[in-house]
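Letter by letter, the chains look like this.
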Amino acid sequence: MDAELDDIEFLVSSDHRVGVLDALASGPCDRDDLRTTTGASSPTLGRILTDFQDRHWIERDGKTYQLTDLGTFVADRFEEFRDAMAYQRRLREVWPWLPHEIDGFSLELFSDVVVSQPGPGYPYRPIERLTESLTTTRTMRGFGMALLKSGNLEPFFERVRNGLECEYIYPPTVFEELLSWDEETVVEMATQANYTVLLHDDLPLDVRCGICLFDERVSICCYDPETGTLQSLVDTGSDGMRTWAETYYEQFRDEARPLEDATDLLSVKSLN
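As recorded in an unreviewed UniProt entry, the protein chain goes by the name Transcriptional regulator, listed as coming from Natronorubrum bangense JCM 10635.

As structure tokens, this is what we get:
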């Protein structure tokens, strides 16, 4: 294992080595190109090229250097590792609130992940990110506790009023909170054909997160179950995440019960 760690340390301990590897991964370069790209001095660059040649990562053709097949393998795997570390860095602060107890959920489901968290003195980033998704999508499906903040509810119901095709599975306690927010609006919108309300008594993690499937992205709203505080909004355009979320959405949809009419809707208040 020490030899493998030595190779990793050799590469990552120098920004210039990483820069040379990245530059050559994009195509053959001469020394002038590499100096310009990496900012390395001529002596430093010379040492790096010699070290890379000793490891059979690069080969020289006249004045041009290029990766060998072995060097390409190293560059590709190193890029994958950096991407993985970038994703874990974005997600580790919100990991306690993500639905990782549900079968099939993993970091591998994420790509082009965006993590929106409240910042010092400005707690609205997650709300604004969710509002952006609500106002640009044509369809929406979801389950759990995602739509609880008034900053999101107003644009959400305005979109429903204007034709957003939405089907959402609520825990009864969450839907009761919606009624408390604006009973008249919720009752009016729940009777529209384009807004289907379903109730589920046993959604997993129903006090911790909600998942929304929009046209292009899947969003996970993360709440602190002890305080009810919105911790973050995590969204991705990953096909893998969409497949995972759709599978559970369909399962919960089959288990849920619909609201029959406005009278039944109002009776939700007495369910708990």
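Moving on from the model shown.
J.: Describe in detail the side chain of R17, supporting the description with residues and values.
T.: Topologically, R17 is positioned in helix α2 (residues 15-25). No salt bridge forms around the buried R17; measuring N to O, its nearest opposite-charge neighbour D51 is 4.6 Å away. Of note is the side chain of R17, whose polar atom sits 2.5 Å from the backbone oxygen of F10. Dropping the residues within four chain positions of it, R17 is found in contact with F10, L11, I48 and F52.

J.: How would you summarise the packing of aromatic side chains if you had to cite specific residues and measurements?
T.: Across all of its chains, the model carries 15 aromatic pairs by this definition. Centroid distance F10 to F52: 6.1 Å. Interplanar angle 65°. Geometry classified as edge-to-face. Placement of the pair is F10 in helix α1 (residues 2-12) and F52 in helix α4 (residues 42-54), with a sequence separation of 42 residues. Residues F10 and F52 agree in their burial class; the two are buried. Aromatic side chains W95 and F105 sit 6.2 Å apart centroid to centroid with 40° between the ring planes, which places their arrangement in the tilted category. Of this pair, W95 sits in the loop between α5 (69-91) and β4 (114-116) while F105 sits in the loop between α5 and β4, placing them 10 residues apart in sequence. Overall, the relative accessible area of 31% leaves W95 in the partly exposed class.

J.: With reference to specific residues and values, describe the side chain of H200.
T.: Take H200: it is sitting in the loop between β7 (195-199) and β8 (209-214). A distance of 2.6 Å separates the side chain of H200 from the side chain of E255, its partner in a polar contact. Beyond its immediate sequence surroundings of up to four residues, H200 is in contact with I169, Y170, P171, P172, F252, E255 and A256.

J.: Got a sec to walk through the sheet that holds strand β6 (residues 165-170)? Specific residues and values, please.
T.: The strand order across the open sheet built from 8 strands is β4-β10-β9-β8-β5-β6-β7-β11, with neighbouring strands paired in mixed fashion. In the strand order of this sheet, the two ends are held by β4 and β11 (257-258), each with one partner. Relative to strand β10 (residues 230-236), β4 runs antiparallel, the two being bridged by 3 bridges. When the bridges of β10 are listed, V115 appears paired with V234. Where helix α8 (residues 172-190) meets the sheet, its contacts fall on β5 (139-144), β6, β7 and β11, and the angle it forms with β7 comes to roughly 155°. The strands touched by helix α9 (residues 239-255) within the sheet are β5, β6, β7, β8, β9 (218-223), β10 and β11, with β5 carrying the most contacts at an inclination of about 70°.

J.: Describe helix α6 (residues 125-136), and please don't skip the residues or the numbers.
T.: An α-helical turn contains 3.6 residues, so a residue and the one three or four places further along point in the same direction. Taking 1.5 Å of rise per residue, the 12 residues of α6 would be expected to cover 16 Å, and the 17 Å separating its terminal C-alpha atoms lies within 8% of that figure. Inspection of α6 places P126, I127, R129, L130, T131, S133 and L134 among the buried residues, and these make up the whole buried set.

J.: Requested: an account of the environment of P172, with residues and values cited.
T.: Considering the arrangement of structural elements, one finds P172 in helix α8. Along the backbone, P172 and D202 are 30 residues apart, and their C-alpha atoms lie at a distance of 9.5 Å.

J.: Report on the environment of F78, specifying residues and quantitative values.
T.: Its location among the elements puts F78 in helix α5. Through-space distance from the C-alpha of F78 to that of P28 is 18 Å; in sequence the pair is 50 residues apart. Beyond its immediate stretch of four places on either side in the chain, F78 contacts L11, V12, V18 and L21.

J.: Please set out the domain arrangement of the protein chain residue by residue, giving values where relevant.
T.: Entries for the protein chain in the domain assignment read domain 1 (1-83) and domain 2 (96-267). Each of domain 1 and domain 2 has a C-alpha centre, and these two points are 46 Å apart.

J.: So, the UniProt feature "domain: HVO-A0261-like N-terminal" (unreviewed entry) in the protein chain: which residues are in play, and what are the values?
T.: What UniProt calls "domain: HVO-A0261-like N-terminal" (unreviewed entry) maps, in this numbering, to residues 6-90. With 72% helix and 12% strand, residues 6-90 has its two end C-alpha atoms placed 27 Å apart.

What counts and what doesn't
Residues numbered from 1 in each chain as written. Predicted model: local features only at pLDDT ≥ 70, side-chain atom pairs only at ≥ 80, totals over all residues. Heavy atoms only, no water. Helix = DSSP H or I, 4+ residues; strand = E, 2+ residues; numbered from the N terminus. Buried < 20%, exposed > 50% of the residue type's maximum accessible area, 1.4 Å probe, protein only. Lys, Arg positive; Asp, Glu negative; His and termini not counted. Salt bridge = Lys/Arg side-chain N within 4 Å of Asp/Glu carboxyl O. Polar contact = N/O pair within 3.5 Å; in protein donor to acceptor, adjacent residues only side chain to side chain. Contact = heavy atoms within 4.5 Å. Phe/Tyr/Trp six-rings, centres within 6.5 Å; stacked < 30°, edge-to-face > 60°. Pairing = 2+ DSSP bridges. Axes fitted to C-alpha atoms, helices over the stretch in contact; angles between N-to-C directions. Expected span 1.5 Å × (residues − 1). Domains from an automatic or database assignment. UniProt positions renumbered as here; feature names shortened; annotations may be inferred.

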